[in-house]
Amino acid sequence: MNWHLLPLSDISRLLNTTPSGIATSIASERLIEYGGNQIEDKKKKTVLRMLLHQLTDFMILILIAVAIISGFIGDLVDTIIILAIILVNAIIGFIQEFRAEKAMEALKDMTPSNARVIREGNTFEIPAFDLVPGDVVLLEAGNRIPADVRFFETHQIKVDESTLTGESHNTEKNSAKLPEGTYSLGDRNNMGFKGTFITNGRGAAYVIATGMNTELGRIAKMIQIEETATPLQKRLSAFGKRLSIVILIICIVIFVIGRLRGEAVLTMLLTSISLAVAAIPEALPALVTVALAFGAKRLAKSNALIRKLPAVETLGSVTYICSDKTGTLTLNKMSVQEIYETPNVKTTSALFQTSPLLIAMALNNDVAKETNGKWIGDSTETALAEYAFNKNIEKFELEKKLPRVAELPFDSSRKCMTTVHQTETGIVVITKGAVDMLWAKLDENQKSLIPELEVKINEMAEKGYRIIGYAIKEIEALPKTINAETIESSLRFIGFTAMLDPPREEAKKAVSECKQAGIIPIMITGDHRLTAINIAKQLGIITSEEDLVLEGSVLETLSEKQFENSVEKIRVYARVNPEQKLKIVKALQAKGQFVAMTGDGVNDAPALKNADIGIAMGINGTEVAKEAAHMILLDDNFATIVIAVKHGRRIFDNILKFIKYTMTSNSGEIWAIFLAPFFGLPIPLLAVHILWINLVTDGLPGLALASEPSEADIMERPPRNPKQNIFAGRMALHILWVGFLMGSVTLGMQAWAIGSGISHWQTMAFTVLCFSQMGHILAIRSDKESLFKIGILSNKPLLGALALTIALQMMLIYTPFFNSVFKTQPLTIYELTITLLVSSIVFWAVEIEKWIYRLKKKNNFNGNENKNKKS
Ligand code: ATP
């Protein structure tokens, strides 16, 4: 249907609707008929694809081939076992990926998306999913258009349609029908399309298509959670490739030595390829995704919704959190505390004369009132309208007598808003906004009043109140063009209001937590300098003379270089335009800082995109901001950012622990098999043993590390440098030496058992390697604290995984069936006891490593203390 060519009367007839909307009962019927307003995701991975993906790794394919060949020639049982282990491994991998995929989908569903509709003449806020054709939607700057619509009322409305048309300029919309002809989507300027963004103005429109019937549905292009590789993943896959080559070379050496010692070709092929499969960390980047996706799921429970997965990882590196004031650091519960009315304001309109300020407060806003009496709209505006209402100046009654004939919507750069009304004598213009923005718009003869007014205003602002000024002018007729120049000039000041928006209690605590964690909290606000300073002091953002405050007008004049010189000391930015946030982000980044930036409006989008972590508000944020952000705060609360940072640090820590654990285990296996011939020992493990260890010991407990609680000092240490190589320093050394110790302990066990004439030496060596890894994982639960300090019971899933692993290993040792397939033998109590004792060596060694580390740190600390005292 060519909706853009039809007059509005036809549209309302075809859809059986009017500007007052459809009935709720009809909406329910249509919802059943047309289905929910959502785009179905066609790009879902199929179960089969996910399963196959697990099996198509190059080394696994080679292993399968060799196992099958060796089955034909010799041991069929071996082949079956190898294939079974590979299959089980693939299934576990698949379950992981499947769950991660589900977790991501769940996150996507949670992205809040509401629409404001009129039904039966009343305004409601409903989930965008419930929209049906014929609904009347109210749209304003910052909204994502929730369905395909035809406008019937527009006020300077501009739409960014680049997601649909690829064209980057904003299209201005109106409601007139288009002349006959063919029009591309971008030229249909009385239509709005699902998924595009309103960047300016406001309007009302009929929904003409929903869900898959929209243009967006037709091209089935979804704005999805981006799954780009995270910095850690990139580094891991690059490192993994290099490491794979080293491991392959080692496996070839093992093969050659084995052959020289007279082992069968197939046995050696199986052993060395199994070792390669087990030791090459090709799954690490994927496992990082799994850990991050689950981390994201947990973050959502704490009200932080992740839109771009790398954010989970980078959260832990944040050094500056730049936060909006209103609603994030404060409650966004505005209430008018005091008003000041300019005495003796005369108007020609008698209707206006009673109390010009209260009437202006009632008329100049876009709030609505639900049938249950609840005000909806911007909190500043609802507070103002409610105040007038309580003084018996009722907005909706008044609007009948003084109808709105034109308007200039609020925008954060102008910091004011104007409505124009018809009176019985002519036209009245009402402008409200930040007082310092109003001064320039006042009539010349008014300007002498400003100094006196400023004294009064500063007094209020110092108390932390938000000040909104009001000015009016009366004219005979509407000018032809309506813009800030023609309308917002030669005004008369009629008074101001002082509103309180109390700081959030929890934000105070979060600010001090930030500081302890080496993160600097910054307040950015469009509000008055004095208001901002008061709130910043209450929250602890400003605590000394050294904490600087900068105003937007000064920031404007600073060159990039000048600004960079002071940017790290500034704690509060007042009266800034959203556009200036980008300058702040860039300057901090130029200083090597890692910046989290919050935002809610259309103009915040560039700063959110460019910040290391862009954070949009879930409740008061516009769709544009949410789309640009890496993370959405479902409760708009500053404290949630700090909680997210803490989670981010913990998730990253646990990923590192997981990497440390698997790589050390792999290193242990390689050392054991590589070194055996040098000590004249037979290869300690069979191919099935290696694969078993890889599946059971590596897999199960490793995953439980994700449940590790955060380390006690997690918010007392400085942020992690995102550029730091994780393998540099302690980690690489640990992997090498602990792996070497594991290999040596295994070989020692083997040598001792052979020397003592124990025929079960292979089972003992196999079990020692397996249990040593158990000991290792317990010891690395904390990076520096002893296991006994953090509490053996404090990670129950890990204990469960360990118990299961031990039970499975016992099953291999003590059941005849597994004895024959894994070529193991039941150990005597004596042998088992020795095995367990030897296995604990790794645990104690790592505990000693941590103890030495703690000792060194303490000495360093004491040394520094003494130095400080002396100086
Ligand atoms: P934040 O503190 O989070 O930056 P903010 O509310 O201070 O948010 P804006 O919404 O851009 O930032 O408001 C900037 C200034 O514009 C306010 O301090 C106020 O003086 C004025 N203002 C805010 N809302 C309105 C409105 N609806 N109409 C007119 N003026 C407004």
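Residues numbered from 1 in each chain as written. Predicted model: local features only at pLDDT ≥ 70, side-chain atom pairs only at ≥ 80, totals over all residues. Heavy atoms only, no water.

### Points about the packing of helix H26 (residues 638-675) against helix H28 (residues 730-755)
Next up, step 1: The N-to-C vectors of H26 and H28 enclose an angle of 40°; their axes lie 7 Å apart at closest approach. What the angle tells us is that H26 and H28 run oblique. Once H26 is placed against H28, the crossing between them reads as right-handed. Of the residues in H28, those touching H26 at Leu-656, Ile-659, Lys-660, Met-663, Thr-664, Ser-665, Ser-667, Gly-668, Trp-671, Ala-672 and Leu-675 are Met-731, His-734, Ile-735, Leu-736, Val-738, Gly-739, Phe-740, Met-742, Gly-743, Thr-746 and Leu-747.
Next up, step 2: Considering only residue class, the contact of H26 with H28 consists of 13 nonpolar, 8 polar and 1 charged. (Axes fitted to C-alpha atoms, helices over the stretch in contact; angles between N-to-C directions. Helix = DSSP H or I, 4+ residues; strand = E, 2+ residues; numbered from the N terminus. Parallel < 35°, antiparallel > 145°, perpendicular 65-115°, else oblique. Left-handed = near helix turned anticlockwise from the far one by under 90°. Contact = heavy atoms within 4.5 Å. Nonpolar A, V, L, I, M, F, W, Y, C, P; charged D, E, K, R; others polar.)

### Topic: the site of the ligand
Next up, step 1: What surrounds the ligand is a group of 20 residues, the closest being Thr-326, Glu-381, Arg-466, Thr-525 and Asp-527.
Next up, step 2: Glu-381 has a polar side-chain atom sitting 3.0 Å from a nitrogen atom of the ligand.
Next up, step 3: Interatomic distance of 2.8 Å between a side-chain N/O atom of Thr-525 and an oxygen atom of the ligand.
Next up, step 4: Against a free-state accessible area of 600 Å², the protein chains account for coverage of 89% of the ligand.
Next up, step 5: Within the residue set of the shell around the ligand, elements represented by two or more residues are strand S15 (427-433) and strand S16 (466-475).
Next up, step 6: Take the shell around the ligand: its biggest share by element is 3 residues, from S16. (Near = heavy atom within 4 Å. Polar contact = N/O pair within 3.5 Å; in protein donor to acceptor, adjacent residues only side chain to side chain. Areas by Shrake-Rupley, 256 points an atom, 1.4 Å probe, with all protein chains shown as cover.)

### A short note on the domain arrangement of the protein
Next up, step 1: Domain annotation of the protein identifies domain 1 (3-39 + 111-223), domain 2 (47-106), domain 3 (304-330 + 504-636), domain 4 (335-500) and domain 5 (650-862).
Next up, step 2: The centre of domain 1, based on its C-alpha atoms, is set 60 Å off from the matching centre of domain 5. (Domains from an automatic or database assignment.)

### A word on the pairing of strand S7 (residues 197-209)
Next up, step 1: Buried residues dominate S7, accounting for 12 of its 13 residues.
Next up, step 2: Where strand S3 (residues 136-140) lies against S7, 5 bridges are found, and the strand directions are antiparallel. For Glu-140, the partnering residue across the bridge sits in S7 and is Arg-202.
Next up, step 3: Pairing geometry for strand S4 (residues 148-160) and S7, over 10 bridges, is antiparallel. Its bridge partner lying in S7, His-155 is registered against Arg-202. (Buried < 20%, exposed > 50% of the residue type's maximum accessible area, 1.4 Å probe, protein only. Pairing = 2+ DSSP bridges.)

### Things to note about the side chain of His-528
Next up, step 1: Structurally, His-528 can be placed in the loop between strand S18 (520-524) and helix H20 (529-539).
Next up, step 2: In this view, His-528 contacts Ile-457, Asn-458, Ala-461, Ala-574 and Arg-575; residues no more than four positions away in its chain are not counted.

### Looking at unusual backbone geometry
Next up, step 1: Although it is not a glycine, Asn-332 sits at a positive phi angle of roughly 60°.
Next up, step 2: Considering the arrangement of structural elements, one finds Asn-332 in the loop between strand S9 (320-324) and strand S10 (335-341).
Next up, step 3: The backbone phi angle of Asn-392 is positive, close to 70°, even though this residue is not glycine.
Next up, step 4: By the secondary structure assignment, Asn-392 is in the loop between helix H14 (379-390) and helix H15 (395-401).

### Some words on the nonpolar core
Next up, step 1: Counting residues in each nonpolar core, the largest one holds 129 residues, and the members touching the most others are Ile-82, Ile-321, Met-523, Phe-638 and Ile-659.
Next up, step 2: Top element by residues in this core is H26. It accounts for 15 residues.
Next up, step 3: Among residues more than four places away in sequence, those in contact with Phe-638 are Ile-321, Ser-323, Thr-328, Leu-329, Ala-507, Ala-510, Val-511, Cys-514 and Pro-521.
Next up, step 4: Listed in part, the 31 residues of the second largest apolar core include Phe-197, Ile-584, Leu-608 and Ile-632. (Core = buried A, V, L, I, M, F, W, Y, C linked by side-chain atoms within 4.5 Å.)

### Regarding the side chain of Ser-355
Next up, step 1: Position of Ser-355 relative to the elements: it lies in the loop between helix H12 (350-353) and helix H13 (356-363).
Next up, step 2: Within the local environment of Ser-355, its side chain forms a polar contact with the side chain of Glu-341, the two groups lying 3.1 Å apart.

### Regarding helix H17 (residues 450-462)
Every α-helical turn comprises 3.6 residues, leaving residues that sit three or four positions apart pointing alike.
Next up, step 1: Relative to the 18 Å expected for 13 residues at 1.5 Å per residue, H17 spans 18 Å between its end C-alpha atoms, a close match to the ideal helical length.
Next up, step 2: Inspection of H17 places Ile-450, Leu-453, Ile-457, Met-460 and Ala-461 among the buried residues, and these make up the whole buried set. Buried residues along H17 cover an arc of 95° about the axis, so they all sit on one side. Relative to its buried face, H17 has exposed residues pointing more than 90 degrees away, namely Glu-452, Val-455, Glu-459 and Glu-462.
Next up, step 3: Looking one or two residues beyond H17, the residue adopting positive phi is Gly-464, at roughly 90°. (Expected span 1.5 Å × (residues − 1). Arc of directions from axis to C-beta.)

### Some remarks on a positive patch on the surface
Next up, step 1: On the surface, Arg-99, Lys-297, Arg-298 and Lys-301 cluster together to form a positively charged patch.
Next up, step 2: The element contributing the most residues to the positive patch is helix H10 (residues 284-301), with 3 residues.
Next up, step 3: Residue position: Arg-298 is located in helix H10.
Next up, step 4: A relative accessible area of 42% means that Arg-298 is categorised as partly exposed. (Patch = residues over 30% accessible without salt bridge, like charges linked within 9 Å, V, L, I, M, F, W, Y side chains within 5 Å. Salt bridge = Lys/Arg side-chain N within 4 Å of Asp/Glu carboxyl O. Lys, Arg positive; Asp, Glu negative; His and termini not counted. Charge placed at Lys NZ, Arg CZ, Asp CG, Glu CD.)

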